[in-house]
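Coordinates in review
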Amino acid sequence: AAPAPSEPLMSMQRWMLAAGALAVAAGREGDSRLLTGVGGGAVVAALALVGALLVTIRRRGSTDRYLPAIDAYLLALAAAVGGVALGTWIGAVRLSAQLREAHLLANLLAFAGVVIAAIVPYFVATQARVKMSPWATPRRIRAATSTMWVAAVASAVAAAGGHRDLVAIALGVYAAGIVAIGALLPRPTGKSLTWAGPRLTQLLLGLAWWAAMVVHAATTWGRTGIEHATLLALVVGGFGQILAASFAYLVPVVRGGGHEALTAGFRRTRSWVGLLLANAAAVLALAGQERAMLAMVGLWIADAAARSAIVGGCRSLRERRD
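Here goes a summary of the coordinates provided. Each residue is numbered by its place in its chain's sequence as written, counting from 1. Totals for whole chains, interfaces and linings use all residues, but because this is a predicted model, local features are given only for residues with pLDDT of at least 70 and pairs of side-chain atoms are given and counted only at 80 or more. Computation of side-chain values covers all heavy atoms of the structure but excludes hydrogens and water.

Section: the packing of helix 2 (residues 33–60) against helix 3 (residues 67–92)
What counts is decided by this rule: Axis lines are fitted through C-alpha atoms, for helices just across the contact stretch, and the angle between N-to-C directions can take any value from 0 to 180 degrees. By the criteria applied, helices consist of DSSP H or I runs no shorter than four residues and strands consist of E runs no shorter than two, each listed in order from the N terminus. Every angle not falling under 35 degrees, over 145, or within 65 to 115 is termed oblique; those three ranges are roughly parallel, roughly antiparallel and roughly perpendicular. For this classification, Asp, Glu, Lys and Arg are treated as charged, while Ala, Val, Leu, Ile, Met, Phe, Trp, Tyr, Cys and Pro are nonpolar and the rest, including Gly, are polar.
In contact at an axis separation of 9 Å, helix 2 and helix 3 are set at 170 degrees when each is read in the N-to-C sense. Viewed along their axes, helix 2 and helix 3 adopt a mutual orientation that is roughly antiparallel. Looking at side-chain class alone, the contact of helix 2 with helix 3 contains 18 nonpolar, seven polar and three charged residues.

Focus: the nonpolar core
Side chains that are nonpolar tend, in soluble globular proteins, to be buried together. Applied cut-off: Residues grouped as a nonpolar core are buried Ala, Val, Leu, Ile, Met, Phe, Trp, Tyr and Cys residues, joined through side-chain atoms within 4.5 Å. Type-normalised accessible area, obtained with a 1.4 Å probe on protein chains alone, sets the label of each residue: buried when under 20%, exposed when over 50%, and partly exposed for intermediate values. Contacts are assigned to residue pairs that have any heavy atoms within 4.5 Å of one another.
Residues Leu109, Met148, Leu171, Tyr174, Trp210 and Val214 are the most contacted members of the largest nonpolar core, which totals 69 residues. By residue number, the principal contributor to this core is helix 4 (residues 97–128), which donates 16 residues. Once residues lying within four places of it in the same chain are set aside, the contact partners of tryptophan 210 are Leu109, Gly113, Ile116, Ala117, Met148, Tyr174, Ile178, Leu234, Gly238, Phe239 and Ile242. In this structure, Val43, Leu54, Leu77 and Ala80 belong to the second largest nonpolar core, which totals seven residues.

Considering the packing of aromatic side chains
Put simply, the test is: Planes of paired rings set the category: under 30 degrees apart is stacked, over 60 is edge-to-face and the rest tilted, where pairs are Phe, Tyr or Trp rings (Trp by its six-membered ring) whose centres lie within 6.5 Å.
By the definition in use, this model includes five aromatic pairs. When the ring of tyrosine 66 is compared with that of tyrosine 122, the centres are 5.2 Å apart and the planes differ by 45 degrees; the resulting orientation is tilted. Of the two residues, tyrosine 66 is situated in the loop between helix 2 and helix 3 and tyrosine 122 in helix 4; the sequence distance between them amounts to 56 residues. Relative accessible area serves as the criterion here: at 36%, tyrosine 66 is assigned to the partly exposed category. Overall, tyrosine 122 belongs to the buried group, its relative accessible area being 6%. Ring geometry for phenylalanine 123 against tyrosine 249: centres 5.8 Å apart, planes inclined by 90 degrees, an arrangement best described as edge-to-face. Residue phenylalanine 123 is located in helix 4, and its partner tyrosine 249 is located in helix 9 (residues 228–255); the two are separated by 126 residues in the primary sequence. Each member of the pair phenylalanine 123 and tyrosine 249 is classed as buried.

Here we look at the side chain of asparagine 279
The condition is simple: Here a polar contact means two N or O atoms within 3.5 Å. Within protein one must be a hydrogen donor candidate and the other an acceptor candidate, and residues neighboring in sequence count only if both atoms are side-chain atoms.
Mapped onto the secondary structure, asparagine 279 falls in helix 11 (residues 272–286). At a separation of 2.9 Å, a polar atom in the side chain of asparagine 279 contacts the side chain of tryptophan 209. Beyond its immediate stretch of four places on either side in the chain, asparagine 279 contacts Leu205, Trp209 and Gln241.

Re the packing of helix 6 (residues 164–183) against helix 8 (residues 198–220)
Selection criterion: Here a crossing is taken to be left-handed if its near helix is turned anticlockwise relative to the far helix by less than a right angle, and right-handed if that turn runs clockwise.
Relative to each other, helix 6 and helix 8 sit at 165 degrees, their axes nearing to 8 Å. With respect to helix 8, the element helix 6 is oriented roughly antiparallel. Pair helix 6 / helix 8 crosses with left-handed handedness. Of the residues in helix 8, those touching helix 6 at Ala168, Leu171, Gly172, Tyr174, Ala175 and Ile178 are Leu207, Trp210, Ala211, Val214, Val215, Ala217 and Ala218. Each residue belonging to the contact of helix 6 with helix 8 can be placed in one class, and the counts come to twelve nonpolar, one polar and no charged.

Examining the pattern of salt bridges
Formally: A pair is scored as a salt bridge if a Lys or Arg side-chain nitrogen falls within 4 Å of a carboxyl oxygen belonging to Asp or Glu.
In this structure the tally under the stated criterion is five salt bridges. The salt bridge partner of aspartate 71 is arginine 58, with a shortest N-O separation of 2.6 Å. A residue pair is termed long-range when its members are at least 10 positions apart, and aspartate 71 in helix 3 and arginine 58 in helix 2 qualify at 13 residues. The partner of arginine 142 in a salt bridge is aspartate 71, with the nearest N and O atoms 2.9 Å apart. Taken together, the residues span a long stretch of sequence, with arginine 142 in helix 5 (residues 138–161) and aspartate 71 in helix 3 at a distance of 71 residues. Look at arginine 142 and you get partly exposed, because its relative accessible area is 29%. One salt-bridge network, in which partners are shared between bridges, spans Arg58, Asp71 and Arg142.

Some thoughts on helix 6
In an α-helix, one full turn covers 3.6 residues, which means residues spaced three or four apart are oriented alike. Operational definition: Multiplying 1.5 Å by the residue count of a helix minus one yields the expected span of that helix. Starting at the helix axis, one direction is taken to each C-beta atom, and the arc is that of these directions.
The first and last C-alpha atoms of helix 6 sit 29 Å apart over 20 residues, in line with the 28 Å expected at 1.5 Å per residue. Those residues of helix 6 not exposed but buried are Val167, Ala170, Leu171, Tyr174, Ala175, Gly177, Ile178 and Ile181. Take helix 6 and look down its axis: the buried residues cluster within an arc of 150 degrees, on one side only. Among the exposed residues of helix 6, those pointing more than 90 degrees away from its buried face are Asp165, Ile169 and Val179. In this fold, the buried residues of helix 6 make contact with helix 4, helix 5 and helix 8.

Brief notes about the environment of alanine 306
Of note, alanine 306 is situated in helix 12 (residues 290–321). Overall, alanine 306 belongs to the partly exposed group, its relative accessible area being 40%. For the pair alanine 306 and threonine 269, spaced 37 residues apart in sequence, the C-alpha separation works out to 9.3 Å.

A short note on the environment of threonine 230
Position of threonine 230 among the secondary structure elements: in helix 9. Threonine 230 sits in the buried class, given a relative accessible area of 0%. Contact partners of threonine 230, with chain neighbours within four places excluded, come to Met213, His216, Ala217, Thr220 and Leu286.

Written as structure tokens, this is what we have:
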């Protein structure tokens, strides 16, 4: 509930981020340290600008309902700036396995994870069409997300120093933070489960996979850091499912068209097939069956794309008829 930031600043941030990411990819593929460094610097600057814009939004906001989420976003962006800067150093100056693990933990858990944790108490209520849990007070949301952020940053610092026991302890605390966030979620009713169905189930299973894989990483952390299979299962089963559930809700909202069209869109983006494919892919990832996992992910994406296309096509047909 605040005025939007300056459009030129937002456009500049988006172009800096996109150009920086492309430059990093091109620099890594072309073995150009200069291009990698320049691209990484652009990404860091873009993320810092997002943080500055969020501070402005926070200051101008007329309600404090979302302040805990914005505060967590700012923490996450601080971790992202550090994580991307570290990754840029690795790619442009000196390759280090320990620093690579620190870079991974900072971006994956302190950045992406904290962003997700901050919005989940609000988003589950939206998905389920229920009020937020009375337990989800600003103080508790801040406590849970701050704990996760501190634990993730501590795990990254410990990984950089090669302290495997400390990494395991920090990851255990981080997993406890995910459980704490789960305790702040509203309890779905039978009506909300009927309406949200696979979207809500996928969101909750994504949280479960996320927590389970962080615990698994803590108990199996070795000299090479997080196991590749564990990382894939976390990304696919955890973050991937949360992202998919979010898009399944977002597509009908963006499509719009009134109450009836919105309800029809939500009905079309519900997919038990996609839910089964996603969890099958996560299991295969954890089992080290990458080719089979990729096949499941491909089918999952195809199912989601087809449903999204149908929702968009219905709008186009209605517009032509009107």
